[in-house]
Amino acid sequence: MGAPAHILPLSILIFLLASFAPVASQKDGIEIYSFTLDSRVTSRFAHTTITSRVVNKAEEAREAVFQVELPKSAFITNFSMIIDGITYPGEIKEKAAAQEKYSSAVARGQSAGIIRATGRNLEQFQVSVNVAPTSKVTFELVYEELLKRQLGKYELMLKVQPQQLVKHLQIDIHIFEPQGISSLETESTFMTKNLADALTTTQNQTKAHIVFKPSVAQQQKELGKPDTIVDGTFIVRYDVNRTSAIGDIQIENGYFVHHFAPADLPMLPKNVVFVIDKSGSMSGKKIKQTREALVKILGDLKPEDQFNLVIFDGSVTQWKPVLLQASAENVEEAKRFASKILAMGATNINDAVLLAVKMLDDSNRKEQLPAGSVSMVILLTDGDPTEGETNPEKIQENVKEAIGGQYYLYCLGFGFDVNYAFLEKLALENGGVARRIYEDSDADLQLQDFYQEVANPLLTMVKFQYPDNTVELLTQDSFRVFFKGSELVVAGKLQPQPQVQDLLSAQVKAQSHTQNFTFETEVNVEDKEKVFQSPKYIFHNFMERLWAYLTIQQLLEKAVSASGDEQKSLEAKALELSLKFSFVTPLTSMVVTKPEGQDQAQVVSKPVEADNDQSSSFSLLAQMPISASRRGFRGPVQRFPMVASRPPGLPGPPGASGLSDLTKRFFLKSGPPVFHIDLQPDYDEFYITLSPDSFASSSLPRSKSGSRMRPFNVPAASPTVSMERDPHFILLRNNRPEETMCVKVKGSSQAPQNLFSDPVQGIEVTGEYEGSTDKFVWLEVSYRTPEVKVYVTQDSIVVTRGNGGRSSSYQWRSLYLSMPGLKLTLEDGVLLFSDSDKVTIGLVALNHPTPALQLFLSDPGHFSSQASGVLGQFYQDLQWDPVGPSTVGDTRELSVMGKTYTVTRKSVVNFQGGRDIVPPPKLLCWYLEQPL
């Protein structure tokens, strides 16, 4: 018999994390009577002011909390509170000086968490102040950011969360782009049909004005109740005209900015090695999403590209001995290999990356890489190195020496266990960038989107040149590579001249794989200055601030990969500019002062990506003491009885499938799971089994007591109301209810079905039917103009803009996306595609009796004579037999495309109103079963 198991103390804590929304509400006596967001975008530089005015209607003092979210890329430039006519401004200081001055506040923890990361693109600012009865407070926050062009669009994101009905709620966005605005779209996660009337967009050649101003009635979630529906993100995406290959130079108040994004250039061939972590911690959903993304990415390779795969855990495996051409046969073989990757083992980053570099070296030495091609390594990992070379600094040194400036290294850090600072330096030292992949349902899309950003190199060795003695203080003016859909930006100051400088000339030199390019231009300084003299659309001296913003960002980026005196020098320059232009950067802090008698100091410090953390809205937290040894616990299997009440929403017996995914989160850095969960039938008691295999305890977060912790999500309960799920499609014909058809498909098919396509309208709908479950597992709607593709499953909606454009994933909650020629609205569980001159398409994700996707069509008069497909055929020359009685049970015959069908008059579930109507309404239609 083995030695008796030693029982270790273990506790299960169930906790609910508060949301990051503003906490002030009318029931507390604090009323927000005005909440405005004013954003002015000039030449991609955005200046946003958030103003909140509150009044204390209680009979005693109350705490008012100003809490907003802003983009991570933004720098706060000003914050102030006006209380009883007195202004209390924020003061920006060097970080150490601010901490020292208010050390007592820091010691009490008052400086922590005023700005914190709250998601992929946002961080939170919060300040609170006591307000006397009947007193008013005005909060004002200002931040600035340079909008970055990614996959062909600039994006301005505003978070709107007043958390109560507001008498005066307004979003005002002015965009001024002298190059001309070529496309403009708005998106919101809270917009409804009722709220859509509060949104107006006006646009001319160079200016756009977007106003969202809902009344109190429009804001109400339910009539007569104080809850607001305005809670989410409001996004504006746009692009500009590009008439000149050299781009556009703009000048204001002695500073200039040069935007460079030439179009219609041939793509450079690329040589890429994908390095994929398959260690134990990648097991479960991570490796599944990685496989799915990799299969899609491999399918996007172009025939002229070369590629290979390296997978690693404690050991390293290469798919093929050498790089292969991305022929259809090689890509399909690589997809089959990628789809079978399993996760287990440790993490040997050093050997994996060095092997990838060696592959490129070997091909380069044998002159197998096309002239002018771009060579890159894309690394995906979710953890620290635990096998082979484990010292991050030594790995960075090894990789930098091996690459020698010849190739690009891009590092993707999956989740929050990863050492992001290590990956960031590794990438920046080798011409690439690092990106965190958030462990969400759309992680596969995040991977695909990142790949799209670097998938289409257009130019290499790009160098901006200006005549001697004409400009100074240039930002970065040479770039190793330029990708399609991005933009290179150079800013600087015009040198003072004895007399006014009339002309500024510029030259950009670059290389493609077939030729060298030289782009040239010359602009009139005085004419360019006149462009920005309208105070309505710009904030003055914006160009100097744009230059400072860009300079600080680049200095901080260089400092990441520098060391010693060089790093100190770069940070000193960035600090000087941060203080001069009043930017809250990672090197500065803002001290927020308050009236006498209140907490005297709160210190605003900007987090960096490496400091980010992420919490689930609902988690179970397992907590236990772990050996201080780096290798963690070793010993026999141990089983701990746990007693806990069933969490709300946790599915009951029989079976324990509801927790099957939970065990997948507890994976070792090498070997099998750390924990195994055994559920008793009544869910009141379950057991956690501790594996004897070692794991890297250093990757687990610590509790306050110092023990290691790992959260895992608890699935939410599903409603249990039954709903009939027949038919699959409802087709309105000629706007005549008596001809409405309901179509249900039958049979089994291994291939996606063309449901309908209309080349004249530029619309195509496809879907995959699963005969065994009698449902469509996915549907996809594609438009030619605007170029957009929407892929839906029962769980999510994925919108992809343009060919190779950015993809965004949404839940079946609320969505409003407006672009020229198409509007997408999601309300009450119905996703509606509409435009004044297009067929209207509706998609619904029903839950019962089993999950399924349904589709309906209206406005059929817009179909052309070329419509075709399983559904499209019924909009051709359809012939009915003579009209007779039309009561339930009657049958008729119809003929279309040379086929005759028998249809039955039937009462079916009408899902066009959404999935939340109980009981579901009924619809009389002519019912047809269509074999595939």
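Reading the values: rules and limits
All chains use their own residue numbering, which begins from 1 and follows the written sequence. Per-residue local features are limited, in this predicted model, to residues with pLDDT of at least 70; the limit for side-chain atom pairs, both in listing and counting, is 80 or more; totals at the level of whole chains, interfaces and linings are taken over all residues. The side-chain values count all of the structure's non-hydrogen atoms but skip hydrogen atoms and water molecules. Pairing of aromatic rings covers Phe, Tyr and Trp, the last counted by its six-membered ring, and requires centre-to-centre distances within 6.5 Å; plane angles under 30 degrees mean stacked, over 60 mean edge-to-face, and any other angle means tilted. Helix numbering and strand numbering both begin at the N terminus, where a helix is a DSSP run of H or I of at least 4 residues and a strand a DSSP run of E of at least 2. Remark: exposure states derive from per-residue accessible area (1.4 Å probe, protein chains only) relative to the maximum for the residue type, with buried under 20%, exposed over 50%, and partly exposed in between. A ring has a charge above it when a Lys NZ or an Arg CZ is no more than 6 Å from the ring centre and no more than 35 degrees off the ring normal. At least two bridges found by DSSP between two strands is the condition for calling them paired. pLDDT runs from 0 to 100 and stands for how confident the predictor is about each residue. Any two residues whose heavy atoms approach within 4.5 Å are treated as being in contact. Here a cavity is any set of points on a 1 Å grid over the protein atoms alone where a 1.4 Å probe fits but cannot get out, and a pocket is any open set with protein on both sides within 12 Å along at least 5 of 7 lines; a residue lines the site when it has an atom within 4 Å of a point. Grid points are joined across faces, edges and corners, and a volume is the space filled by probe spheres set on the points. In this count, Pro and Cys sit with the nonpolar residues alongside Ala, Val, Leu, Ile, Met, Phe, Trp and Tyr, while Asp, Glu, Lys and Arg are called charged and the others, Gly among them, polar. Salt bridges are defined as contacts in which a side-chain nitrogen from Lys or Arg sits within 4 Å of a carboxyl oxygen from Asp or Glu. The axes used here are C-alpha line fits, helices contributing only the stretch in contact, and every angle between their N-to-C directions lies in the interval 0 to 180 degrees. Here, the term disulfide refers to a pair of cysteine sulfur atoms separated by no more than 2.5 Å. In this text, buried Ala, Val, Leu, Ile, Met, Phe, Trp, Tyr and Cys residues form a nonpolar core when linked through side-chain atoms within 4.5 Å. Expected helix span is given by 1.5 Å per residue-to-residue step, counting one fewer step than there are residues.

Draft legend 1. Looking closely at the packing of aromatic side chains. On inspection of all chains with the given rule, the structure shows 35 aromatic pairs. A ring pair is formed by Y255 and W547, whose centres lie 5.7 Å apart and whose planes are at 45°; its orientation type is tilted. Residue Y255 is located in strand β17 (residues 255–260), and its partner W547 is located in helix α12 (residues 542–561); the two are separated by 292 residues in the primary sequence. Exposure class is identical for Y255 and W547. Each is buried. Relative to F863, the ring of F756 lies with its centre 5.6 Å away and its plane at 85°, an arrangement referred to as edge-to-face. Separated by 107 residues along the polypeptide, F756 in strand β40 (residues 753–758) and F863 in the loop between β50 (852–858) and β51 (879–880) bring together distant segments of the chain. Across the pair, exposure class does not vary: F756 and F863 are buried alike. One aromatic cluster is present, built from ring pairs that chain together F45, F75, Y255, W547, Y549, F581 and F583. The residue whose ring lies beneath R892 is W926, and the NZ or CZ to ring-centre distance is 5.2 Å. Stacked on the ring of Y927, the Lys or Arg K906 has its end atom at 4.0 Å from the ring centre.

Draft legend 2. Summary view of the pairing of strand β4 (residues 62–71). Counted residue by residue, β4 has eight buried out of 10 residues, so it is predominantly covered. Pairing analysis gives 10 bridges linking β4 to strand β8 (residues 122–131), with the strands arranged antiparallel. Considered in β8, the bridge of V65 is made with S128.

Draft legend 3. Structural detail: the confidence of the model for the protein chain. Put simply, the protein chain has an average pLDDT of 81, and 80% of its residues get 70 or more. For residues 1–25, every residue scores under 50 in pLDDT, and the model assigns this stretch 64 contacts once sequence neighbours within four places are set aside. Considering only residues more than four positions removed or in separate chains, one finds that residues 108–113, a stretch of pLDDT under 50, has nine contacts.

Draft legend 4. The arrangement of the layout of surface pockets in detail. Put simply, the second largest pocket is a space of about 280 Å³. Contributing to the lining of the second largest pocket are 18 residues, with G372, S373, V374, S375 and Q406 lying nearest its centre. Listing elements by their share of the lining of the second largest pocket, those giving two or more residues are β22 (374–381) and β25 (457–465). For the lining of the second largest pocket, the per-class residue count stands at six nonpolar, 10 polar and two charged.

Draft legend 5. Molecular detail of the pattern of salt bridges. Applying the stated rule across the entire model yields 35 salt bridges. The closest approach of N and O atoms between E123 and K606, which form a salt bridge, is 2.7 Å. Placement of the pair is E123 in strand β8 and K606 in the loop between β32 (602–605) and β33 (618–624), with a sequence separation of 483 residues. For E123, a relative accessible area of 3% puts it in the buried group. Across the pair R545 and E144 runs a salt bridge whose closest N-O atoms are separated by 2.8 Å.

Draft legend 6. The sheet that holds β25, seen in detail. Across the sheet, four strands lie side by side as β27-β25-β29-β30; this open sheet has antiparallel pairing. Looking at strand neighbours, the two that pair on one side only are β27 (478–483) and β30 (516–524), the edges of this open sheet. For this sheet, the mean angle separating the axes of adjacent strands, direction not counted, is 25°.

Draft legend 7. Molecular detail of the state of the cysteines. Within this structure, the stated rule accounts for one disulfide. Note that C742 is cross-linked by a disulfide to C925, the S-S spacing being 2.0 Å. Judged by the sign of its S-S torsion, about -125°, the bond between C742 and C925 is left-handed. Linking C742 in strand β39 (residues 741–746) with C925 in strand β54 (residues 922–931), this pair joins segments that are 183 residues apart in sequence. Since its relative accessible area comes to 0%, C742 is described here as buried.

Draft legend 8. The sheet that holds strand β26 (residues 471–472), seen in detail. Judged by pairing direction, the sheet is antiparallel, and its four strands sit side by side in the order β16-β17-β28-β26 without closing on themselves. The strands lining the two open edges of the sheet, one partner per strand, are β16 (248–252) and β26. Relative to β17, β16 runs antiparallel, the two sharing five bridges. Within β17, the residue paired with D248 across the bridge is H259.

Draft legend 9. Examining the nonpolar core more closely. Formed by 58 residues in total, the largest nonpolar core has its most connected members in F79, F125, F139 and F234. Among the elements that take part in this core, strand β2 (residues 30–42) stands out by supplying five residues, more than any other. Apart from residues lying up to four places away in sequence, F79 is in contact with F66, Y88, P89, G90, F125, V127, F139, E140, L141, M590 and V592.

Draft legend 10. Region of the structure containing helix α7 (residues 349–365). Helix length check: α7 (17 residues) gives 24 Å between terminal C-alpha atoms against 24 Å at 1.5 Å per residue, within 8%. Among the residues making up α7, those that are buried are I349, N350, A352, V353, L355, A356, V357, M359, L360, D362 and S363. At its buried positions, α7 is contacted by β18 (270–277), β19 (306–312), β20 (316–318), β22, α8 (392–403) and α9 (420–428). Positive backbone phi, at 55°, marks E367, one or two positions downstream of α7.

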